Amino acid sequence: MKLEDFLASAAAAGRTAGVERSLREGADVNCVNEFGRTPLQVMMMGNTTVARLLLSYGARPNVADQSTRTTPLHDAAREGFLDTVKVLVEFSADPRALDFHNRRPVDLAKESGHCDVVAFLEAL
Amino acid sequence: MAQGASYPYEHVAEIGGGAYGTVYKARDMESGKFVALKSVRVQTDQDGLPISTVREVALLKRLEQFDHPNVVRLMDVCATQRTDQETKVTLVFEHVDQDLKIYLERAPAPGLSPDRIKDLMQQLLCGLAFLHSNRVMHRDLKPENILVTSQGQVKLADFGLARIYSCHMALTPVVVTLWYRPPEVLLQSSYATPVDIWSTGCIFAEMFRRKPLFCGESEVNQLGKIFEVIGLPSEEDWPNDVTISRKNFPSLFPRPITDFVPEINEQGAELMLEMLTFDPFRRISALNALEHEYFKEEETQIPTGNDIERNDSQTPSVT
């Protein structure tokens, strides 16, 4: 298995140790996997440690899904993971990014009823 | 949008692989949400899918009609014929972007509050009682497949798959991750719903400890670690017809569970021991566990704030 594929799978499964190891071994943090997505796009959104690791290794925060234009901030906001939302914003994720339906991350948080995320994003 | 895409899910990453098939994280193009795709390759003949597979999938779909809050939604089942002899069956499940392992890792020191643990346990047991009352056993319960939403809702995943997978694998003892395996599985004597209760007991302890209770490296080693806590079972309790002899283990007495889980209260410790009972027939059931005193004392604890001192002496004895 390629180091980059391992990194993407570890990020998707939320395995912090696996993510850390492959990054230390030099995996390209912005390399796309066989489905054309970077580790930050597929990571388990609830694992803020993994998000911070990827971003601190230079993961591009505003990479958008090739089909839906969804950014990681959209996904984290829709799923309601406030800590991950905060880390993404700290690393310059754009809260005004629009997906295919012209929705911002805050719109998705609203739709899903995540008041804490809505409050945070609206205060930016 | 996404016109022309007859298959409404777009793969984004491989999450895990196994002998039976691969698990993918994918996006549901209609809702924009993530789903988990779990595929299994099934041998087919002129009659189509084997009846056992059809039956298991039908059972999972029937469960879905109850819309239980503590199990993941099964959103779709797709069958694609690969060759004359092989069909790929894909189960599409709701995907939750956090599991209990991560949830425990991210809890700031000193860990989860007793109330939070009680709530998680109650939800976990509710999901389990639901599955068990529908004759579904999980067989591989572990923190990685207990999902926790951002709102703290517990959802069990990967239940009922073991039997679908095992249709095509000889019944190997590799059904439960070693650390959460009960003695009867380690000894290869029986497999029934109490298996899941043992795993739940281990997970209950882990919620307090934030590290696993029994980390064995082999079946015998795992049993040894278990007996260091619960003591060596009596000769009469040891199952017949098992290859591992009781004589392999030193004679040990049970140790207080609070030596290993010091933060737990009295009723919690009692419940934990009823879950970590060697004999599967005497182990508490999910339904009875939900009726346990541990879940009833809630209200008396709330006003005491975060540094709860044990107020055993002043607890009113409710009759």
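Residues numbered from 1 in each chain as written. Chains lettered and ligands numbered in written order. Predicted model: local features only at pLDDT ≥ 70, side-chain atom pairs only at ≥ 80, totals over all residues. Heavy atoms only, no water.

Here we come to the UniProt feature "binding site: ATP" (unreviewed entry) in chain B. Residue and element names in this part refer to chain B. According to UniProt, the feature "binding site: ATP" (unreviewed entry) maps to K38 in the numbering used here. Considering the arrangement of structural elements, one finds K38 in strand β3 (residues 34-43). On the accessibility criterion, K38 (10% relative accessible area) is buried. (UniProt positions renumbered as here; feature names shortened; annotations may be inferred. Helix = DSSP H or I, 4+ residues; strand = E, 2+ residues; numbered from the N terminus. Buried < 20%, exposed > 50% of the residue type's maximum accessible area, 1.4 Å probe, protein only.)

All names here are of chain B. Taken as a whole, this structure holds one cavity of 30 Å³ or more when the rule is applied. The calculated volume of the largest cavity comes to roughly 50 Å³. Around the largest cavity sit L60, L63, E64, V71, V72, L74, F130 and F159, which together line it. For the lining of the largest cavity, the element with the most residues is helix α1 (residues 51-64), which contributes three residues. (1 Å grid on protein atoms, 1.4 Å probe; cavity = no way out; pocket = protein on both sides within 12 Å on 5 of 7 lines; lining within 4 Å. Points joined across faces, edges and corners; volume = space filled by probe spheres on them.)

The subject of this paragraph is the interface of chain A and chain B. Taken residue by residue, the interface counts 32 residues in chain A and 25 residues in chain B. When the two sides are added together, the surface that chain A and chain B hide from each other amounts to roughly 2,300 Å², 52% of it contributed by carbon and sulfur. Together, F35, M44 and F81 of chain A form the three largest contributors to the area buried by chain A at its contact with chain B, with a combined 23%. Scanning the region where chain A abuts chain B turns up four salt bridges. A salt bridge links R27 of chain B to D65 of chain A, with the nearest nitrogen and oxygen atoms 3.9 Å apart. Across the contact surface, chain A and chain B share 16 residue pairs in polar contact (both at pLDDT 80 or more). Those elements that place two or more of their residues in the side of chain A that touches chain B are α1 (3-13), α3 (39-42) and α5 (72-79) of chain A. Tallied by class, residues from the side of chain A that touches chain B come to nine nonpolar, 15 polar and eight charged. (Contact = heavy atoms within 4.5 Å. Buried area = accessible area lost by both parts, 1.4 Å probe. Salt bridge = Lys/Arg side-chain N within 4 Å of Asp/Glu carboxyl O. Polar contact = N/O pair within 3.5 Å; in protein donor to acceptor, adjacent residues only side chain to side chain. Nonpolar A, V, L, I, M, F, W, Y, C, P; charged D, E, K, R; others polar.)

Our next topic: the pattern of salt bridges. For the coordinates displayed, the defined rule picks out 29 salt bridges over all chains. Across the salt bridge formed by E111 of chain A and R103 of chain A, the nearest N and O atoms sit 3.5 Å from each other. Salt bridges sharing common partners tie together R37, D65, D75, R78 and E79 of chain A together with E10 and R27 of chain B.

Put simply, an interface is often sized by how much accessible area is lost when its parts join up. All names here are of chain B. Per the domain assignment, the segments making up chain B are domain 1 (9-94) and domain 2 (98-304). Taking the mean C-alpha position of each, domain 1 and domain 2 sit 27 Å from one another. Across the boundary between the two partners, domain 1 contributes 25 residues, which contact 23 residues of domain 2. For the pair domain 1 and domain 2, the summed buried surface comes to about 2,100 Å²; carbon and sulfur atoms form 71% of the total. (Domains from an automatic or database assignment.)

To continue, consider unusual backbone geometry. A cis amide bond, omega 5 degrees, links A109 of chain B with the succeeding residue P110 of chain B. Looking at where P110 of chain B falls in the secondary structure, it is placed in the loop between α2 (100-106) and α3 (114-133). Unusually for a residue other than glycine, R69 of chain A sits at a positive phi of about 65 degrees. Turning to its location among the elements, R69 of chain A is positioned in the loop between α4 (48-56) and α5. Overall, R69 of chain A belongs to the partly exposed group, its relative accessible area being 42%. A positive phi is found at Q188 of chain B, a non-glycine position, where the angle reads about 55 degrees. Looking at the secondary structure, you find Q188 of chain B in the loop between α5 (183-186) and α6 (194-209).

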